[in-house]
Amino acid sequence: MVWLAALLILVLVVCGCEGNDDDDDAGDDDVAGDDDAAGDDDSGDDDDQGDPFYPPDQLGPYAVGVTTMCFVDESRYEIWGNRKRLVPLEIWYPSTGAGGRPNLMPEMIGMMPEAVWGIMELLYGDNFEPLMAYVTDALREAEIQVAAEPWPVIFFSHGLNAVRFQNFTMCEYLASHGFIVAAPDHYGNAIFTNDPFSEDVILVNPTTVVTSFIDTVTDIGFVYDRLAELNVEPGGRFEGLLDLSRCGMTGHSYGGMTTLNAAPQYDFIDAIAPLNPAYVGVFPEDFDKPFFLVQGRKDGVVGFFVPDVEILWNENESTQKIYLDMYRAGHYSVTDACLLLPPGMIPDSATGCSGDEFIDGELANALNAAYLTAFFKTTIADEQGYVDYMLTNHAPEEIDLKLIWQ
């Protein structure tokens, strides 16, 4: 939400679209939230419904694949860039692990001019090489796991001046538990967007803070339609493996607002989980879908929205909702921004990335991922063995868990 942050993140969060071609990837480094978020259940127990139970505070049973695609929305013309609207898309999915390669940071950043790499090196200093060597838990272009039923789908919407993989830890985590996660870059709202067809780079446009109120929501509908096409593409990777009758949505900051605006508009969204959302508008009180909300009491970016969003959560008619209030969380605590941002460029009071007054980022990510997994397992996957975990405060020293669940 900070324009300065936009300029500083710019060289890092390049959207590295390679068209619809398969790349490759794989990764082994542990990412926040794999083992000690909030519980000690043993993996593989059967729940009351007969579904296998995998502790949501641990990585799920599947390896994770990731791929990048780019689409063009021919129905929308962008004055900014003088072109049709480009929609890059990152997709994480349950995988066998076969055929993938390590998902290094340059793989996610993608192609960009040599001069920009030089600027990045200056901005990051001694942190540049470790960042470029960072390996996520996903395997790029790995074989998808085929199961008895197609996988439920979760949409993720990034924040203002951010990028589609700003929450890659969370997206990988959800995929390891049996979800396909689709995250678009919102043209003009993302820090910048790579065009694989012309090799152009479209920079963020600050005026889109207003137009994105509509465009980011429309992007979600556009992505849903593209996923429906991939689901019936003969011989395609995702043929018959996307269950678009079971969809959830989450998003951070501006993406949290996109989540709140998209859910009442699209019938295909069955449950929502806005994270540290900004919000402007009138949310329908008759909204009755499952609603998971995360906020941080030390949010130095959109903290002024916290009281109104809490009222919004209280007043809608959903009878299945959870409010995860993190006592010491900053705006970026439940994202990977603290890894991605140039060190020291934005005050910790805004980011929440360091300092004894803020929650450790790995713990915040772990708590968020565990509860989010249990929420989507319960709601869109209809696996009721996760309810007890979801309705229990596993870290009372760090969170206040408010519940309405019938």
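Scroll up to find the structure.
Residues numbered from 1 in each chain as written. Predicted model: local features only at pLDDT ≥ 70, side-chain atom pairs only at ≥ 80, totals over all residues. Heavy atoms only, no water.

Moving on, we get to the state of the cysteines. Scanning the entire structure with this criterion turns up 1 disulfide. Between the sulfur of C338 and that of C353 lies a disulfide, 2.0 Å long from S to S. When the S-S torsion is -85 degrees, as for the bridge of C338 with C353, the disulfide is left-handed. One end of the pair, C338, is in helix α9 (residues 337–340); the other, C353, is in the loop between α10 (348–351) and α11 (361–379), and 15 residues separate them in sequence. Classification of C338 as partly exposed rests on a relative accessible area of 33%. Classification of C353 as partly exposed rests on a relative accessible area of 30%. (Disulfide = S-S within 2.5 Å. Helix = DSSP H or I, 4+ residues; strand = E, 2+ residues; numbered from the N terminus. Buried < 20%, exposed > 50% of the residue type's maximum accessible area, 1.4 Å probe, protein only.)

All right, on to the pairing of strand β8 (residues 180–184) then. With 5 of its 5 residues buried, β8 lies for the most part within the structure. Of the two faces of β8, the one holding I180, A182 and P184 and the one holding V181 and A183 are both buried throughout. Of the strand pairs in this sheet, strand β4 (residues 83–95) and β8 are connected by 4 bridges, and their pairing is antiparallel. Among the inter-strand pairings, I91 is bridged to a residue of β8, identified as A182. (Pairing = 2+ DSSP bridges.)

Mapped onto the secondary structure, T335 falls in the loop between β14 (320–326) and α9. On the accessibility criterion, T335 (3% relative accessible area) is buried. For T335, the side chain forms a polar contact with the main-chain nitrogen of A337, separated by 3.0 Å. Filtering out sequence-adjacent residues up to four positions away, T335 remains in contact with Q166, N167, H252 and N365. (Polar contact = N/O pair within 3.5 Å; in protein donor to acceptor, adjacent residues only side chain to side chain. Contact = heavy atoms within 4.5 Å.)

Our focus in this paragraph is the sheet that holds strand β3 (residues 63–78). On the basis of which strands lie adjacent, the open sheet formed by 11 strands has the order β5-β6-β3-β4-β8-β7-β11-β12-β13-β14-β15 and mixed pairing. The outermost strands of the open sheet, each flanked by one partner alone, are β5 (101–104) and β15 (399–405). For this sheet, the mean angle separating the axes of adjacent strands, direction not counted, is 25 degrees. Contacting β3, β4, β5, β6 (135–140), β7 (151–157), β8, β11 (242–252) and β12 (269–275), helix α5 (residues 168–176) runs over the sheet at an angle of about 50 degrees to β4. Most of the contacts of helix α6 (residues 208–231) go to β3, to which it runs at about 120 degrees, and overall it touches β3, β4, β7, β8 and β11. (Axes fitted to C-alpha atoms, helices over the stretch in contact; angles between N-to-C directions.)

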